[in-house]
Amino acid sequence: MKALTWQGVNELSVERVPDPRILNAQDAIVKVRMTTTCGSDLHLLGGYIPAMRAGDVIGHEFLGEVVETGPEVRRHRVGDRVVVCSIIGCGRCWHCEHDMWSLCENSNPKPGITDMMWGGTTAGIFGYSHAMGGFKGSHAEYVRVPFIDYSAFTVPDGVDDLNALFASDAAPTGWMGADLGGVRPGDVVAVWGCGGVGQMAARAAILLGADRVIAIDRYPERLTMTERHIGAETIDYTRTDVIAELRERTGGRGPDVCIEAVGLEADSPGPQKIYDKAKQRLGLEQDRPIAVREAIHACRTGGSVFVLGVFAGMVDKFPLGALMNKGLTLRGAQQHGQRYIPKLLDLISKGELRTAHLATHTMTLDEGPRGYDMFKNKKDGCVRAVFRPWA
Amino acid sequence: MKRAVLGAMMLGGIGLGVMRWLNSRQTKARAEREASRWLMVTINRRPDEVVPDGRLPEPLARLGETIEVQVREAPGDRGTELGARPVTPVPTGVEEVMARLAGEDPRQAVRTALRESKCLIETGEVLRPDEPPTTRPTPTGRLVDLASQRAGGEGRL
Ligand SMILES: NC(=O)c1ccc[n+]([C@@H]2O[C@H](COP(=O)([O-])OP(=O)(O)OC[C@H]3O[C@@H](n4cnc5c(N)ncnc54)[C@H](O)[C@@H]3O)[C@@H](O)[C@H]2O)c1
Ligand SMILES: [Zn+2]
Ligand SMILES: [Zn+2]
């Protein structure tokens with residue numbers, strides 16, 4: 001079959017690779033109808049995530065049709081149109097049973113790597129390096145879905161592919177940030193990043209009852225989109241001092257909940273980026289935590305900061321003093337998608353959660369490398385490139 | 001030039017320090033403790049489901065007489081703590097590094113068996129990684145392969 005593969009840092013190519021097979025009785029094979037770029041892929045592309053191997057199929061946010069099931073699959077059958085969670089969960093370990101699916105204890109068959117890096121093993125993720133299980137990604141004609149009974153959700157008839165697609169990853173990630181960040185009615189919430197994830201977090205905060213939601217980015221088209229489709233206020237961080245602006249808009253308190261949806265390649269108009277980038281190059285620091293630092297400084301005393309952006313290793317100049325003395329709560333996680341997807345599909349079908357506008361560019365799988373170039377460099381207003389392998 | 005000499009002296013100093021540390025009585029005592037440490041997993045099932053009638057889960061049973069096993073109830077609602085360790089002496093120091101690279105440290109087989117037992121008992125099967133691992137062999141790729149192949153037997157467990 002055809003697939004979009006990682007070949008090295010900033011190098012992607014469309015290749016012919018062997019078709020996936022059922023390897024476990026609870027597996028299914030899904031024929032991919034739509035699969036999208038995600039900010040997390042940019043970290044793979046940039047070489048920040050270890051244990052990638054030339055030839056690895058990337059992609060983890062997708063929707064498709066079940067075409068083959070293993071003998072122990074119970075809840076899905078051939079022909080089901082499903083949105084598949086980017087995170088693989090077994091459904092029966094302690095963490096899955098407690099709705100912390102990205103901490104699944106059984107879905108990463110190569111657990112030693114993250115265990116050594118982080119002192120604990122996390123769930124397998126499609127197309128996200130051998131550290132996360134080495135599963136082949138969804139930018140392909142077909143993909144093997146382990147534990148499909150727990151990982152895939154049938155899309156309601158009234159919801160089309162494009163609307164359901166982002167229920168795989170961006171929407172549940174954003175929802176988790178607002179939910180576990182503790183957003184309550186009346187709160188002021190600030191969100192760093194107006195990519196797919198940040199926009200979904202902002203919308204979730206509104207739906208959870210936040211009084212004001214303020215989203216931060218630099219790209220005018222993303223800021224406008226966030227105002228129009230999400231209903232949040234915005235700040236362009238290149239034009240103003242973000243922390244001062246947030247203070248002013250919140251009566252001097254600072255936001256109650258700060259959600260970081262930027263990740264380890266954060267940008268900054270000031271010298272921070274040069275400093276962090278130089279340290280990354282020298283291997284002295286793996287990740288650039290610019291937005292995390294800002295969120296911690298901006299947050300109101302006693303508030304909460306949730307890190308949705310992906311980080312892989314060590315960071316420098318972490319404001320632990322501010323965190324401790326201001327009595328903040330800091331949390332982060334890969335998304336617990338299975339916990340939110342059914343509810344999100346419902347909100348999408350009722351029109352309360354809009355997602356399709358994120359798909360600014362739809363193309364074939366062959367155009368994958370161009371799609372990533374546009375997405376990475378934010379060309380032509382690209383927010384997400386969506387590939388249709390069978391178009 | 002001066003800097004190179006200084007550098008060499010520093011490295012030599014660190015080297016001596018490392019040797020002294022490796023040979024110290026404390027380090028040796030510590031290595032012995034590590035060598036006999038129990039490797040543990042927690043399984044989200046009651047002890048009578050983990051070892052019904054005292055029967056070990058198949059992946060551990062396969063290791064036969066080479067290991068000893070302990071089973072105890074976990075606190076809270078956590079299920080069962082299952083531990084195992086090799087009865088044969090395990091390599092230490094440089095030998096340990098070589099054995100781990102070669103996949104011959106007996107603890108690697110124990111970790112793999114514990115993880116497989118957990119997955120089997122909780123989900124009914126042992127999850128297999130996708131294959132083939134790749135379509136393009138490269139030197140760095142081979143390193144990733146080696147790390148992945150050993151991954152089931154490594155880690156903090
Ligand atoms: N936790 C999870 O499970 C999960 C899931 C999906 C994505 N992610 C992560 O979320 C992050 C965002 O993903 P995305 O798809 O929206 O990516 P994206 O690249 O489309 O969006 C990131 C946005 O952050 C903005 N940004 C950069 N520096 C900033 C700064 N200092 N302040 C404010 N905004 C800044 C960029 O301009 C960009 O618009 C990534 O790190 C991704 O890896 C995490
Ligand atoms: Zn993603
Ligand atoms: Zn699980």
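Overview of the structure. Here the structure is a predicted model, which is why all the values come from computation and not from measurement.

## Some thoughts on the interface of chain B and chain A
Opposite the 37 residues of chain B that make contact, chain A presents 39 residues. Interface area for chain B against chain A, summed over the two sides, is near 3,300 Å², with a carbon-plus-sulfur share of 51%. Our enumeration of links across chain B and chain A arrives at 5 salt bridges. Measuring nitrogen to oxygen at the nearest pair gives 2.9 Å for the salt bridge that ties R21(A) to E131(B). Taken together, the connections running from chain B to chain A amount to 21 residue pairs in polar contact (both at pLDDT 80 or more). Broken down by secondary-structure element, the contributors of at least two residues to the side of chain B that touches chain A are α6 (106–123) and α7 (139–151) of chain B. It is α7(B) that provides the largest number of residues to the side of chain B that touches chain A, a total of 7 residues. Per-class residue counts for the side of chain B that touches chain A are 11 nonpolar, 10 polar and 16 charged.

## Some remarks on the site of ligand 1
Residue and element names in this part refer to chain A. Neighbouring residues of ligand 1: 31 residues in total, closest G39, S40, D217, D267 and Q335. Backbone polar atom of G193 to a nitrogen atom of ligand 1: 3.5 Å apart, as the coordinates give it. Expressed as a share of its isolated accessible area of 870 Å², the protein-covered part of ligand 1 is 96%. Secondary-structure elements contributing two or more residues to the shell around ligand 1 are α1 (39–45), α7 (196–207) and β12 (212–217). Here the element with the most residues in the shell around ligand 1 is α1; it accounts for 4 residues. Counting contributing residues, the shell around ligand 1 receives three or more from each of domain 1 (2–168 + 335–388) and domain 2 (170–332).

## So, helix α14 (residues 368–376) of chain A
Residues and elements named next belong to chain A. Taken residue by residue, α14 has G368, G371, Y372, M374 and F375 as its buried positions. For α14, the angular spread of buried residues about the axis comes to 160°, placing them on one side. Looking at the buried residues of α14, the elements they touch are β1 (2–8), β2 (11–16), α1, α8 (220–230), β17 (359–363) and β18 (384–387). Of the residues trailing α14, K378 is marked for its positive phi of about 50°.

## Digging into the coordination of the zinc ion (ligand 2)
Tetrahedral metal sites with four donors have an ideal angle of 109.5 degrees; octahedral sites with six donors have ideal angles of 90 or 180 degrees. Residue and element names in this part refer to chain A. For the zinc ion (ligand 2), the protein coordination sphere consists of C38 (SG), H60 (NE2) and D169 (OD), at 2.0 to 2.3 Å. Going along the chain, you hit the donors of the zinc ion (ligand 2) in the pattern C-x21-H-x108-D. One end of the pair, C38, is in the loop between β3 (28–36) and α1; the other, H60, is in the loop between β4 (56–57) and β5 (61–69), with 22 residues separating them in the sequence. Taken individually, C38 and H60 each receive the classification buried, so the pair is uniform in this respect.

## A few points about the packing of helix α6 (residues 170–180) of chain A against helix α13 (residues 337–349) of chain A
Residue and element names in this part refer to chain A. It is at 9 Å that the axes of α6 and α13 come closest, and there the two elements cross at 105°. Viewed along their axes, α6 and α13 adopt a mutual orientation that is roughly perpendicular. Residue-level contacts link A171, P172, W175, M176, D179 and L180 of α6 to G337, R339, Y340, I341, K343, L344 and L347 of α13.

## Digging into the coordination of the zinc ion (ligand 3)
Residue and element names in this part refer to chain A. Only C90 (SG), C93 (SG), C96 (SG) and C104 (SG) from the protein coordinate the zinc ion (ligand 3), and they sit 2.3 to 2.4 Å from it. One can describe the site at the zinc ion (ligand 3) as tetrahedral: its 4 donor atoms subtend angles covering 102 to 121° at the metal. Here the donor residues of the zinc ion (ligand 3) are spaced in sequence according to C-x2-C-x2-C-x7-C. Pair noted here: C93 is in the loop between β7 (87–88) and α2 (94–97) and C104 is in the loop between α2 and α3 (112–118), with a separation of 11 residues, a long-range link. Residue classification places C93 among the buried residues on the basis of a relative accessible area of 0%. Since its relative accessible area comes to 0%, C104 is described here as buried.

## Here's the deal with the pattern of salt bridges
Evaluation of the coordinates by the stated rule reveals 37 salt bridges over all chains. Between K350(A) and D346(A) there is a salt bridge; the shortest N-O distance is 3.0 Å. Salt bridges sharing partners connect three or more residues here, namely E96(B), R100(B), D105(B), R107(B) and E154(B).

## So, the sheet that holds β12(A)
All names here are of chain A. Here we have 6 strands laid out as an open sheet, ordered β13-β12-β11-β14-β15-β16, and parallel in their pairing. Looking at strand neighbours, the two that pair on one side only are β13 (233–236) and β16 (329–332), the edges of this open sheet. When strand polarity is set aside, the average angle formed by the axes of neighbouring strands in this sheet is 20°. Bridge analysis of strand β11 (residues 188–192) against β12 gives 5 bridges, and the strand direction is parallel. Along β12, the bridge assignment pairs V188 with R212.

## Some details on the layout of surface pockets
Of the volumes computed, that of the second largest pocket is approximately 960 Å³. Taken together, 37 residues line the second largest pocket, and the ones lying closest to its centre are E105(A), N108(A), P109(A), P111(A) and R115(B). Among the elements that take part in the lining of the second largest pocket, α6(B) stands out by supplying 5 residues, more than any other. For the lining of the second largest pocket, the residue count by class is 11 nonpolar, 14 polar and 12 charged.

## Quick word on the nonpolar core
Residue and element names in this part refer to chain A. Counting residues in each nonpolar core, the largest one holds 96 residues, and the members touching the most others are V189 and Y372. The residue makeup of this core includes at least three contributed by each of domain 1 (2–168 + 335–388) and domain 2 (170–332). Once you skip the residues sitting within four places of it in the chain, V189 turns out to touch V183, A205, A210, R212, V213, I214, P255, V257 and I259. Judged by nonpolar contacts, the second largest core, of 21 residues, contains V242, A291, A295 and V305.

Calculation criteria
- Residues numbered from 1 in each chain as written.
- Chains lettered and ligands numbered in written order.
- Predicted model: local features only at pLDDT ≥ 70, side-chain atom pairs only at ≥ 80, totals over all residues.
- Heavy atoms only, no water.
- Contact = heavy atoms within 4.5 Å.
- Buried area = accessible area lost by both parts, 1.4 Å probe.
- Salt bridge = Lys/Arg side-chain N within 4 Å of Asp/Glu carboxyl O.
- Polar contact = N/O pair within 3.5 Å; in protein donor to acceptor, adjacent residues only side chain to side chain.
- Helix = DSSP H or I, 4+ residues; strand = E, 2+ residues; numbered from the N terminus.
- Nonpolar A, V, L, I, M, F, W, Y, C, P; charged D, E, K, R; others polar.
- Near = heavy atom within 4 Å.
- Areas by Shrake-Rupley, 256 points an atom, 1.4 Å probe, with all protein chains shown as cover.
- Domains from an automatic or database assignment.
- Buried < 20%, exposed > 50% of the residue type's maximum accessible area, 1.4 Å probe, protein only.
- Arc of directions from axis to C-beta.
- Donors = N, O, S within 2.8 Å, 3.2 Å for Na, K, Ca; no water.
- Axes fitted to C-alpha atoms, helices over the stretch in contact; angles between N-to-C directions.
- Parallel < 35°, antiparallel > 145°, perpendicular 65-115°, else oblique.
- Tetrahedral: all angles 85-135°; square planar, octahedral: opposite > 155°, others 65-115°.
- Pairing = 2+ DSSP bridges.
- 1 Å grid on protein atoms, 1.4 Å probe; cavity = no way out; pocket = protein on both sides within 12 Å on 5 of 7 lines; lining within 4 Å.
- Points joined across faces, edges and corners; volume = space filled by probe spheres on them.
- Core = buried A, V, L, I, M, F, W, Y, C linked by side-chain atoms within 4.5 Å.

Geometry only, nothing functional implied.
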